[in-house]
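Residue strings, one per chain:
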Amino acid sequence: MRVALALLFLLTGATSASAADPLEKQFFDYFTQRCEAAMEAEWKAAKLDPANPEAQEVMSKYCTCTSQAVVSFLSAEEIIAFATNPEQEPAAGKMRPHFVDCQQRARRKAEQG
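The following refers to the structure shown. (Residues numbered from 1 in each chain as written. Predicted model: local features only at pLDDT ≥ 70, side-chain atom pairs only at ≥ 80, totals over all residues. Heavy atoms only, no water.)

1. Brief notes about the packing of aromatic side chains
For any two aromatic rings, the description comes down to two numbers: the centre-to-centre distance and the angle of the planes. Rule in force here: Aromatic rings from Phe, Tyr and Trp, taking only the six-membered ring of Trp, are treated as a pair when their centres fall within 6.5 Å; an angle between ring planes under 30 degrees marks them as stacked, one over 60 as edge-to-face, and anything in between as tilted. Exposure classes here rest on a 1.4 Å probe applied to the protein chains alone. A residue is buried below 20% of its type maximum, exposed above 50%, and partly exposed in between. Starting at the N terminus, helices and strands are each numbered in turn, a helix being any DSSP run of H or I of at least four residues and a strand any DSSP run of E of at least two.
The full count for this structure, using the stated rule, is three aromatic pairs. Aromatic pair Tyr 30 and Phe 31: ring centres 5.2 Å apart, planes at 85°, arrangement edge-to-face. The exposure class assigned to Tyr 30 is buried, which follows from its relative accessible area of 10%. Here Phe 31 and Phe 82 contribute two aromatic rings whose centre-to-centre distance is 5.9 Å and whose plane-to-plane angle is 45°, an arrangement assigned as tilted. Linking Phe 31 in helix H2 (residues 23–45) with Phe 82 in helix H4 (residues 76–84), this pair joins segments that are 51 residues apart in sequence. According to the relative accessible area criterion, Phe 31 is buried, its value standing at 9%. In textbook terms, an aromatic cluster arises when at least three aromatic residues are bridged by ring pairs, as seen for Tyr 30, Phe 31, Phe 82 and Phe 99.

2. Here we look at the nonpolar core
Stated formally: For this analysis, a nonpolar core means a set of buried residues of the types Ala, Val, Leu, Ile, Met, Phe, Trp, Tyr and Cys, connected via side-chain atoms within 4.5 Å. Contacts were defined at the residue level, with two residues in contact if any of their heavy atoms lie within 4.5 Å.
Phe 27, Tyr 30, Phe 31, Ala 69, Val 70, Val 71, Leu 74, Ile 79, Phe 82, Ala 83, Ala 91 and Met 95 together form the largest nonpolar core, which totals twelve residues. If you list the elements that add at least two residues to this core, you get H2, helix H3 (53–73), H4 and helix H5 (91–112). Beyond its immediate chain neighbours, meaning those up to four positions away, Leu 74 contacts Ala 69, Ile 79, Phe 82, Ala 91, Lys 94 and Met 95. Core analysis: the second largest hydrophobic core is formed by eleven residues, Met 39, Ala 55, Met 59 and Cys 63 among them.

3. Thoughts on H2
Let me state the cut-off plainly: Expected helix span is given by 1.5 Å per residue-to-residue step, counting one fewer step than there are residues.
The terminal C-alpha atoms of H2 lie 33 Å apart, and with 23 residues this matches the ideal 33 Å at 1.5 Å per residue to within 8%. Taken together, the buried positions of H2 are occupied by Gln 26, Phe 27, Asp 29, Tyr 30, Phe 31, Thr 32, Cys 35, Met 39 and Trp 43. In the stretch just after H2, Lys 47 is the one whose phi turns positive, near 60°.

4. Some remarks on the state of the cysteines
In a disulfide, the sulfur atoms of two cysteines are covalently bonded to one another. Here is the rule we go by: Pairs of cysteine sulfur atoms within 2.5 Å are identified as disulfides in what follows.
Tallying each qualifying case throughout the model produces two disulfides. The residue that forms a disulfide with Cys 35 is Cys 63, at a sulfur-sulfur distance of 2.1 Å. With the S-S dihedral at roughly -75°, the linkage between Cys 35 and Cys 63 falls on the left-handed side. Taken together, the residues Cys 35 in helix H2 and Cys 63 in helix H3 connect sequence positions 28 residues apart.

Such coordinate-based values are descriptive only and should not be taken to indicate function.
Right under this line is the structure:
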């Protein structure tokens, strides 16, 4: 019951999640949106243009990769805990190697142009 209630609160913040969408897609969309918003904010703070098509492609590659890792390797309870605090163990430790891999893939994509 606590998981269902926490899940309801988590997903009400996702702008494109529909109750008809499978739970995995709702989680994926939620994490992708949060990742892209965070990356855009970081790039703007560094005076970089997040609207640049090449930057958009790298951001999309990284965020879809990390979001897919979250829904593939964490249980629903771990996903909720990770959404609340991405540094909390054990989810953070499980995700770290996947996120590093996603970062390397995004960098390769950027280098290829």
